[in-house]
Amino acid sequence: MNPAGGHAAERHFESPEAQHTADYLWRHIISLCASLRARRVVDIGCGNGALCRELASCGYEVVGCEPSADALRLAQRAARDLVFHPLDVEDDPSALGNESFDVAIATEVIEHLVDPDAALDEIRRVLRPGLFFFFDTLNNNKLSGFLMVTILEDLIRALPRGSHDPAKFIRPETLVDILRTNGFRCPEQFMGMGMVLD
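These numbers come from a predicted model, not from an experiment. (Residues numbered from 1 in each chain as written. Predicted model: local features only at pLDDT ≥ 70, side-chain atom pairs only at ≥ 80, totals over all residues. Heavy atoms only, no water.)

Comments concerning the overall build of the protein
Our working definition: A run of H or I in DSSP becomes a helix once it reaches four residues, and a run of E becomes a strand once it reaches two; helices and strands are each numbered from the N terminus. We call a residue buried when its accessible area falls under 20% of the maximum for its residue type, exposed when it is over 50%, and partly exposed in between, using a 1.4 Å probe and counting protein chains only. Note on contacts: a residue pair qualifies if any of its non-hydrogen atoms lie within 4.5 Å across the two residues. In these tables, accessible area is a Shrake-Rupley quantity obtained with a 1.4 Å probe, and a residue counts as shielded only by the protein chains included in the view.
Per the secondary structure count, the protein includes seven helices and five strands. Put simply, the protein has 198 residues, and 47% of those count as buried. Partitioning the intrachain contacts of the protein with sequence separation of at least 6 by distance along the chain shows that 70% fall at a separation of at least 24. Carbon and sulfur atoms make up 51% of the accessible area of the protein, which totals about 10,300 Å².

Re the pattern of salt bridges
Selection rule: Put simply, a salt bridge is a Lys or Arg side-chain nitrogen that is within 4 Å of an Asp or Glu carboxyl oxygen.
Taken as a whole and judged by the stated rule, the model has eight salt bridges. Between aspartate 102 and arginine 128 there is a salt bridge, with the nearest N and O atoms lying 2.5 Å from each other. Of the two residues, aspartate 102 is situated in strand β4 (residues 101–107) and arginine 128 in strand β5 (residues 127–136); the sequence distance between them amounts to 26 residues. Between aspartate 154 and arginine 161 there is a salt bridge, with its nearest N and O atoms 3.5 Å apart. Through salt bridges with shared partners, one network takes in Arg39, Arg40 and Glu61.

Encoded structure:
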């Protein structure tokens, strides 16, 4: 793993159960894949593989990439028939070879990256021309920092301290610039979906 990335150290998984993103993201991802008649999907930063398993159960050919050894073990144990690579978005993507995908997914990944430009360039490389990259990330504003760090990490300790660095959060206009620089076409506006807290 690229030591500058620090990504694996920031992600923590203790079970193969679905993450909170299942509540507010998965239906959008599955709907998108269906509308595109996608066949092959890559989940970058797949964590414990829960979304990979869900997509596979819907009939998609899924490949997961995850830098955390602990998370990867959980993913592999829970779905021995799926392919998982010990790969971060900031790593050399040669493990994927010349594979190409209809949809690339990166949920809760971009806000952990030191160099999002390099990561997005590699994501574009593995996508078939004209197809889709689906992601969520945290807006660089005071509310995001307050919720993710002050509330979730410091007060209620739902996440380990140090899981998020607000300096890596990205404002939508900055993200648009980075995406376009790396050859993506962007929507007129991003959809704000918000986290569902139990």
